[in-house]
Amino acid sequence: MAKPEHAKTVKINIASLAQSVPHWGNPNLDQQHTLSLIVLGTTQNIRVDFAKRNTYTLGRADQAGAKNPDIDLGAFKARQLGVSRRHAQLELHDTTVYITDLESTNATYLNGAKLPAHQPTLLRDGDVIWLGQLKLYVRFGSQLENKHLSVTWSTRTKGTGNLNRPRPMASTSIANDTLPPEDSKE
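Rules used throughout
- Residues numbered from 1 in each chain as written.
- Predicted model: local features only at pLDDT ≥ 70, side-chain atom pairs only at ≥ 80, totals over all residues.
- Heavy atoms only, no water.
- Phe/Tyr/Trp six-rings, centres within 6.5 Å; stacked < 30°, edge-to-face > 60°.
- Buried < 20%, exposed > 50% of the residue type's maximum accessible area, 1.4 Å probe, protein only.
- Helix = DSSP H or I, 4+ residues; strand = E, 2+ residues; numbered from the N terminus.
- Lys NZ or Arg CZ within 6 Å of the ring centre and 35° of its normal.
- Pairing = 2+ DSSP bridges.
- Core = buried A, V, L, I, M, F, W, Y, C linked by side-chain atoms within 4.5 Å.
- Contact = heavy atoms within 4.5 Å.
- 1 Å grid on protein atoms, 1.4 Å probe; cavity = no way out; pocket = protein on both sides within 12 Å on 5 of 7 lines; lining within 4 Å.
- Points joined across faces, edges and corners; volume = space filled by probe spheres on them.
- Nonpolar A, V, L, I, M, F, W, Y, C, P; charged D, E, K, R; others polar.

**Student:** Give a description of the packing of aromatic side chains that names residues and reports values.
**Tutor:** For the structure on display, the rule yields two aromatic pairs. Ring centres 5.5 Å apart and planes at 85° place the aromatic pair Phe 50 and Tyr 56 in the edge-to-face group. Each member of the pair, Phe 50 as well as Tyr 56, is classed as buried. Residues Tyr 109 and Trp 130 carry aromatic rings whose centres are separated by 6.5 Å and whose planes lie at 85° to one another, so their mutual orientation is edge-to-face. On the criterion of sequence distance, the pair formed by Tyr 109 in strand β7 (residues 108-110) and Trp 130 in strand β10 (residues 128-131) is long-range, its members being 21 residues apart. Above the ring of Tyr 56, the side-chain terminus of Arg 53 is found at 4.9 Å from the ring centroid.

Laid out in structure tokens, this is it:
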């Protein structure tokens, strides 16, 4: 039996996601065990509280309600951007968080590198997660609470520094020293 149209994940071309962004952040959560997922291009800050539980699934809600994720990204055009209903999982081990692709249709990328399905990969402060074409900027800790934040995704040309590095807009409350240092290598 064919799936109804609203239940199908849109297949996208993700070859453009293969550019790498260096790992630079701390892999340890603070004592409050929280992290924020900032949907790039928006001011939306999704707070993930690991003090309440150790595992969260990321994806989009199913209208039938059979496979709803813990964190529903449907409000961010998740289906159109290729996010599966149960796309990836965040899991806390001691003070470190791991991300695992759950055999999603359009894969999960971390800093431009495709993650193998069902293989936990260390997540760090400042990482960028792609779920299909939906980009999430990762910040550890609670320093983002009650602050207006907007992060954009800029692509720089060769010779101008790192490619595809998240950059805060001028109106953001995050200081520039929270970003990785400029890399002059081409």
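**Student:** Residues and numbers for the sheet that holds strand β11 (residues 134-140), please.
**Tutor:** With antiparallel pairing, six strands are arranged side by side in an open sheet as β2-β1-β11-β10-β7-β8. The sheet is open, and its two borders are formed by β2 (45-49) and β8 (113-114), each paired with just one other strand. Where β10 meets β11, four bridges bridge the pair, whose relative direction is antiparallel. Paired with Ile 129 across the two strands is Leu 136, which belongs to β11.

**Student:** Which residues make up the sheet that holds strand β5 (residues 88-93), and what are the values?
**Tutor:** Read from one edge of the open sheet, five strands run β4-β3-β5-β6-β9, paired in mixed fashion. Because the sheet does not close on itself, it has two edges, and the strands there are β4 (71-72) and β9 (121-123). In the sheet, strand β6 (residues 96-101) pairs with β9 via three bridges, with the strands oriented antiparallel. In the strand pairing of β9, Tyr 98 is matched with Leu 122.

**Student:** How would you summarise the environment of Lys 114 if you had to cite specific residues and measurements?
**Tutor:** Position of Lys 114 among the secondary structure elements: in strand β8. Residue Lys 114 is classed as exposed on the basis of its relative accessible area of 56%. C-alpha separation for the pair Lys 114 and Trp 130, spaced 16 residues apart in sequence, amounts to 9.1 Å.

**Student:** Break down the nonpolar core for me, with residues and values.
**Tutor:** Leu 35, Leu 37, Phe 50, Leu 73, Leu 90, Leu 123 and Ile 129 are the most contacted members of the largest nonpolar core, which totals 28 residues. Counting residues per element, the ones that place at least two in this core are β1 (34-39), β2, β3 (55-59), β5, β6, β10 and β11. Among the elements that make up this core, the one with the highest residue count is β11 (four residues). If we ignore the near neighbours within four places in the chain, the residues touching Leu 90 are Leu 37, Val 48, Phe 50, Asn 54, Thr 55, Tyr 56, Leu 58, Val 97, Tyr 98, Ile 99 and Leu 123.

**Student:** Break down the layout of surface pockets for me, citing the residues and quoting the values.
**Tutor:** Considered as a void within the structure, the largest pocket measures approximately 170 Å³ in volume. As for the largest pocket, its lining consists of eleven residues, and the residues nearest its centre are Thr 9, Ser 84, Arg 85, Arg 86 and Thr 105. Its residues assigned to classes, the lining of the largest pocket shows one nonpolar, four polar and six charged.

Interpretation note: all reported values are geometric properties and have no functional meaning in isolation.
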